[in-house]
Amino acid sequence: MPLPELQPIKAFLSAFARRQAARTIDLPGGFAVLDDAFAHSHANNQVVIDGPAAPETLPGIADEALVHLPFRRISFLDDETGRACAEPLIRAGYTHSVQLVMAHTGPVPGGSHVEAVDLDAIRAPLTRRWRGFLPDADDTVVRHLVDRRETRRRGADAVHFIAARTDEGEVASWADLYLDPATGIAQIEDLMTSETHLGRGHADAVLATALRMATDADCGTRFLIADADDWPRHWYERRGFSSIGQSHRFERG
């Protein structure tokens, strides 16, 4: 049986996607989010399934909604629906990945010396990080992946970019924090550290501050999304997070 936290988390993720989008299109089983200003960003241009869906119809629905784009992404917020739709999407040429919904169940650490910043403060290290992830991407793609972060300010009632600096003042690690005090939900997203500052505790400082800020905002449900097959999930587990559910992502092109 799904844990009681999952349904409000799924509702939060669905609302965040709609609020962040430049425009939306309602579809059977969900909706499409679109933003022409960030046409290279899959997260800003995708189909989100948050309700019952007919598996065989989804490839055609996505093609129609995203017809102007060279790629396709379909995200399922419900584990059972995502698993039920996997076979026809894989037959249609999609790759499948599983994301874990991880809730913080450990003690809340004390906040560290971490500050709220604007996008300009993290633009340079974030750009370098994306160039490391995507060495063959052109400048426009990287710019879209960096600048799209600003659209996230629309997604929740309170959105903070938080960063830890070195003693010399350089931004070393950063993350997003989305707060919805009305429902008591907080999401931590895109925790990153500059390659030159890895292993020095900066990410721990950012995570601790995010958890403390969420608690101070009366958000008792604190969660993040982690790739099921990647190492960060284990890093988060050692810091008091545990998996409470799964979502699914299918991509092509």
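Relevant structure appears above.
Predicted model, so just to flag it, every value in this text is computed and none were measured. (Residues numbered from 1 in each chain as written. Predicted model: local features only at pLDDT ≥ 70, side-chain atom pairs only at ≥ 80, totals over all residues. Heavy atoms only, no water.)

In this section: the packing of aromatic side chains. Following the criterion strictly, the structure yields seven aromatic pairs and no others. Ring centres of Phe12 and Phe223 lie 6.0 Å apart, and the angle between their planes is 90 degrees; on these two criteria the pair is classed as edge-to-face. Here Phe12, found in helix H1 (residues 6-20), pairs with Phe223, found in strand E10 (residues 221-227); they are 211 residues apart in sequence, far enough to count as distant. Exposure class is identical for Phe12 and Phe223. Each is buried. Seen in terms of ring centroids, Phe16 and Tyr178 are 4.4 Å apart; in terms of plane orientation they differ by 35 degrees. Their pairing is tilted. You can see Phe16 sitting in helix H1 and its partner Tyr178 sitting in strand E8 (residues 171-180), a full 162 residues away along the chain. On the accessibility criterion, Tyr178 (2% relative accessible area) is buried. Linked through ring pairs, Phe12, Phe16, Tyr178 and Phe223 together constitute an aromatic cluster. (Phe/Tyr/Trp six-rings, centres within 6.5 Å; stacked < 30°, edge-to-face > 60°. Helix = DSSP H or I, 4+ residues; strand = E, 2+ residues; numbered from the N terminus. Buried < 20%, exposed > 50% of the residue type's maximum accessible area, 1.4 Å probe, protein only.)

With five of five residues buried, strand E4 (residues 72-76) is to be regarded as a mostly interior element. Neither face of E4 is exposed, since Arg72, Ile74 and Phe76 on one face and Arg73 and Ser75 on the opposite face are all buried. At this point the chain moves from strand E3 (residues 46-49), through helix H2 (residues 58-65), to the parallel E4, and the crossover so formed is right-handed. When E4 meets strand E11 (residues 241-252), the two strands line up antiparallel, connected through five bridges. Directly across from Arg72, in E11, lies its bridge partner Arg252. (Right-handed = clockwise from strand over helix to strand, strands pointing away. Pairing = 2+ DSSP bridges.)

The next point concerns unusual backbone geometry. For Asp190, which is not glycine, the phi dihedral falls at a positive 55 degrees. Summarising the element assignment, Asp190 is placed in strand E9 (residues 185-193). For Asp190, a relative accessible area of 22% gives the class partly exposed. The phi dihedral of Asp218 is positive, around 65 degrees, even though this residue is not glycine.

This part covers the nonpolar core. Core analysis: the biggest nonpolar cluster contains 33 residues, and Phe12, Ile122, Trp130, Trp174 and Phe223 have the highest contact counts within it. Not counting chain neighbours up to four residues away, the residues in contact with Trp130 comprise Val142, Leu145, Val146, Arg148 and Met192. (Core = buried A, V, L, I, M, F, W, Y, C linked by side-chain atoms within 4.5 Å. Contact = heavy atoms within 4.5 Å.)

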